[in-house]
Amino acid sequence: MNDIELLQDAARRAIDYVAGSDDRPATPSETAVTALATFDEPLPADPTDPAEALRMLSEVAAPATMVSTGPNYYGFVNGATFPVALGAAFLVDAWDQNAALPVMSPAAAKLHDVARTWLLDVLHLPARSDVAFVTGATVANASCMAAARDELLQRAGWDSKSGGLFGAPAITVVVGENTHSTVRKSLGLIGLGSDRVVKVPSDDQGRMIAADLPSDLSGPILMCAQAGEVNTGAFDPFDEIADWLAATTDNGWLHVDGAFGLWALADPTRSHLVDGLARADSWATDAHKWLNVTYDCGIAIVARDGALRRTFSSVAGYLPPEDAFEAMHHTPQSSQRARQVEVWAVLRTLGRNGLAELVQRSSDAARTIARRLGDAGFEVLNDVVINQVLVRCESPTVTERLLAEIHRDGRIWCGSTQWNNETAMRVSVSSWKTTHDDADHAADVIIECARRVT
């Protein structure tokens, strides 16, 4: 088998996998998982047939994957993959471009500029904003908040890039009680401390209570708000938070973690959820969630001109003079995949109305699941405003048994979470494939499994 035949074999196997994904259970069988032991072999001493490596991946590894690309996977807010995104990923991998600098890939640079313009347009965010493509929302949050850290300190007369944080003026970080773990992780990563924060109480949906924002703060303040609480999908009161920050300090930065919820900006019917969201200084989101591109793709958006570059620019004698947006000077990584190509391909395919319809369809499916489960006696714990459903069956203990039965059954997959320190079930509708009928099917499976354990 020559090189081209090898690639054709890989493409055929990949397409076969995609073609059969809708009919497979969401969870792999025990037999398939057990067969993964096939990979426990010594490293070969001599070269082996590359076709055999592809065969093993296709025949042994593929059956043991979670079918997150189908309509029946409701875990972790994992998106599926639009065919055009997968096709674009094939091309990007074939091109093997390093998107760090325009001189390394004029195509990647142009598609970055177009994808950036379209993203800011469809999300109604400031047109001057910088957009950087990273691995996911964790790095997007860290990138935005690192830029915030450096700008807040610069305004306070401290150059953190050259002087570090030892002896720097203190930055007060304010977060909601229900802030996502990736925000805390990012705060630790950038040296501000995951626990060195002022926590604002949250309401029963996980929204920050604006009336409880502290009144005794001053100096540099980094405020971290949330668009889409990870369990309930709730949105913080952005206008009130922005007003508080402006009244509290003249050296503040408002950052919004919107890993999936930021996409609500694209849906005009959800404008009431996102009032004031565009007043922030930075936003973090994932494209591999609701936009349904392949893993991995996060997006950092910063409205403050030059802030990302101040934090991430690097100097070396071999680097050319700046002549356009240079991704390596706006992200933690230098070498990087051209993630923007898939984003461009999906946005061009969906268009403004198609993206809004995607948000609406997923949210409608979530409401269908919540209604069906509520009618069946489940306790629906959240107001279903977007694609998240938070439920409990009789008690936390019964809910744990139900989740185990759903996972054993395998037809759908959803996960557990802790809500008010008790186990609940989280159903996240993130796949572009999930229809109203699929939502009804998911509810049927959950209700059937509940009957078996109760």
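Keep in mind that this is a model prediction, so the values were computed, not measured. (Residues numbered from 1 in each chain as written. Predicted model: local features only at pLDDT ≥ 70, side-chain atom pairs only at ≥ 80, totals over all residues. Heavy atoms only, no water.)

1. Observations regarding the pairing of strand β5 (residues 252-257)
We apply this condition: Accessible area is worked out with a 1.4 Å probe on protein chains only. A residue is then buried under 20% of its type maximum, exposed over 50%, and partly exposed in between. Counting from the N terminus, the helices are the DSSP runs of H or I reaching at least four residues and the strands are the DSSP runs of E reaching at least two. Strands are treated as partners if at least two bridges between them are detected by DSSP. If you view a crossover with the strands going away from you and the path from the first strand over the helix to the second runs clockwise, you call it right-handed.
A large share of β5 lies buried, amounting to 6 of its 6 residues. Side-chain alternation along β5 places Gly252, Leu254 and Val256 on one buried face and Trp253, His255 and Asp257 on a second face that is also buried. Bridge count for strand β4 (residues 221-226) against β5 is 6 bridges, and the pairing is parallel. Opposite Met223, over in β5, you have Leu254 as the bridge partner. With helix α9 (residues 238-248) bridging β4 and the parallel β5, this β-α-β connection has right-handed handedness. Looking at chain direction, β5 and strand β6 (residues 282-286) are connected through 3 bridges and run parallel. Within β6, the position partnered with Asp257 by the bridge is Ala284.

2. Brief notes about the packing of aromatic side chains
This is how it is decided: Classification of ring pairs rests on two measures: the distance between centres of Phe, Tyr or Trp rings, Trp counted by its six-membered ring, which must be within 6.5 Å, and the angle between planes, read as stacked under 30 degrees, edge-to-face over 60 and tilted in between.
Considering all chains together, one arrives at 4 aromatic pairs under this definition. Look at Trp118 and Trp344: their rings are 6.4 Å apart centre to centre, the planes differ by 15°, and that puts the pair in the stacked class. With Trp118 in helix α5 (residues 106-122) and Trp344 in helix α11 (residues 340-375), this residue pair connects regions lying 226 residues apart in the sequence. One aromatic cluster is present, formed by Tyr73, Phe76 and Trp413 through successive ring pairs.

3. Things to note about the sheet that holds strand β10 (residues 415-419)
What counts here: Two residues qualify as a contact provided that any one of their heavy atoms is within 4.5 Å of a heavy atom in the partner residue. Under this scheme, a helix contributes an axis fitted over its contacting stretch, all axes are lines through C-alpha atoms, and angles between N-to-C directions fall in the 0 to 180 degree range.
With antiparallel pairing, the 4 strands of this open sheet are ordered in space as β8-β9-β11-β10. Looking along the sheet, the strands with just one partner apiece sit at the ends: β8 (379-380) and β10. Examined bridge by bridge, β8 and strand β9 (residues 388-392) share 2 bridges and lie antiparallel to one another. By the bridge assignment for β9, Glu379 is matched with Arg392. In the packing of helix α12 (residues 396-409) onto the sheet, the strands contacted are β9, β10 and β11 (422-428), and the crossing angle to β11 comes to about 40°.

4. Quick look at the sheet that holds strand β3 (residues 198-200)
Taking strand neighbours across the sheet as the criterion, the 7 strands line up as β1-β7-β6-β5-β4-β2-β3 in an open arrangement whose pairing is mixed. Two strands bound the open sheet, and with one partner strand each, they are β1 (130-134) and β3. Each strand axis lies, on average, 20° off the axis of its neighbour in the sheet, ignoring direction. This element, α5, spans β1 and β7 (298-302) of the sheet and lies at about 110° to β1. α9 rests against β2 (172-176), β4 and β5 of the sheet, and its axis sits at about 175° to β4.

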